[in-house]
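Listed here are the chains, written in short residue letters.
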Amino acid sequence: MPHTLQKAYRLLAVSDIHGHAAGLQQLLDAAAYNPRTDQLILVGDYIDEDPQSRSTLELIRSLTREGALAVPGNMETKLLSQPEGHSAVELTFRNWLCQLPPYVEADGYLFVHAGFRPGVPLEQQTLLDMTEIRQDFWEAPLPAFAGQGIVFGHTPTFKLGAAAGKIWRSGGKIGIDTGAKHGCRLTLLDVHNGIAYSCSTESRQRYGDFRADLL
């Protein structure tokens, strides 16, 4: 079942971490994230193809234990489709991932990994579309159920027409996958205050070049 939240002091969102746990922790520290007063929403693709990136799930899970909310990305659904391991750690992560909601509603915004299928009511959306849809979603008008807007990841914003490493906004949709997987930037968005905290994921200056930009 999806989560619905009332207004928090700050509403923070990050997507498509792809194993960059150290970069995420740096951004949370720079933004002075406080789980008692801020609502953090994690919008999927915490891991990458590299098995070592799965260690990032421990940070994500610990953040949810403190009050953050997480939705699955296509990388997590892919992990769940693979044969089960037998270690206690893997079984714990699988059980936790299976319990994540497909989307979160907070302060009138919907947070989802990839988007929603145009013309389909919210309650009939599939997990496959919500974790994998691309152009059909971001080229369509904002759906009536979207409230103030939709915050999503999955498609790097440079493929949507934004400058590399920048947030994309159009017609009530906010794309926050700023290309961490592609050596661009990892971004933590303060939704209400319009502040994008970001750091580089390029190998020569990884987690350097920190910025706090007003949108």
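Our structure is the block above this text.
Residues numbered from 1 in each chain as written. Predicted model: local features only at pLDDT ≥ 70, side-chain atom pairs only at ≥ 80, totals over all residues. Heavy atoms only, no water.

A.B. asks: Give me the sheet that holds strand 12 (residues 211-214): which residues, what numbers.
C.D. replies: Strand order in the open sheet formed by 6 strands is 4-3-2-10-11-12, with mixed pairing between adjacent strands. Only two strands of the sheet have a single neighbouring strand rather than two, namely strand 4 (69-70) and strand 12. Sheet analysis places strand 11 (residues 195-200) next to strand 12, joined by 4 bridges and oriented antiparallel. The residue of strand 12 that forms the bridge with Y197 is A212. Sheet strands in contact with helix 2 (residues 56-65) are strand 3 (38-42) and strand 4, and its direction is about 145° off that of strand 3. (Pairing = 2+ DSSP bridges. Helix = DSSP H or I, 4+ residues; strand = E, 2+ residues; numbered from the N terminus. Contact = heavy atoms within 4.5 Å. Axes fitted to C-alpha atoms, helices over the stretch in contact; angles between N-to-C directions.)

A.B. asks: A description of the nonpolar core should follow, citing residues and the corresponding values.
C.D. replies: Counting 31 residues, the largest nonpolar core has L24, L40, L42, L63 and L188 as its most contacted members. Of all the secondary structure elements, the ones that give two or more residues to this core are strand 2 (10-14), helix 1 (21-30), strand 3, helix 2, helix 3 (74-81), helix 4 (88-98), strand 10 (185-190) and strand 11. Residues within four places of L42 in sequence aside, it is in contact with V14, I17, L24, I60, L63, T64, A68, L69, A70 and V71. V43, L69, Y109 and I176 belong to the second largest nonpolar core, which has 17 residues in total. (Core = buried A, V, L, I, M, F, W, Y, C linked by side-chain atoms within 4.5 Å. Buried < 20%, exposed > 50% of the residue type's maximum accessible area, 1.4 Å probe, protein only.)

A.B. asks: Requested: an account of the packing of aromatic side chains, with residues and values cited.
C.D. replies: For the structure on display, the rule yields 5 aromatic pairs. For the ring pair Y103 and F116, a centre distance of 6.0 Å and an interplane angle of 75° mean the geometry is edge-to-face. Placement of Y103 in strand 5 (residues 103-106) and of F116 in the loop between strand 6 (109-112) and helix 5 (127-132) is noted, with a sequence separation of 13 residues between them. The residues Y103 and F116 share a single accessibility class, namely buried. Ring geometry for F152 and W168: centres 6.0 Å apart, planes at 80°, overall edge-to-face. Taken together, the residues span a long stretch of sequence, with F152 in strand 7 (residues 149-152) and W168 in strand 8 (residues 168-170) at a distance of 16 residues. For the pair F152 and W168, a shared accessibility class is recorded, and that class is buried. One aromatic cluster is present, formed by Y103, F116 and F145 through successive ring pairs. Above the plane of the ring of F137 lies K173, whose end atom (NZ or CZ) is 4.4 Å from the centre. (Phe/Tyr/Trp six-rings, centres within 6.5 Å; stacked < 30°, edge-to-face > 60°. Lys NZ or Arg CZ within 6 Å of the ring centre and 35° of its normal.)

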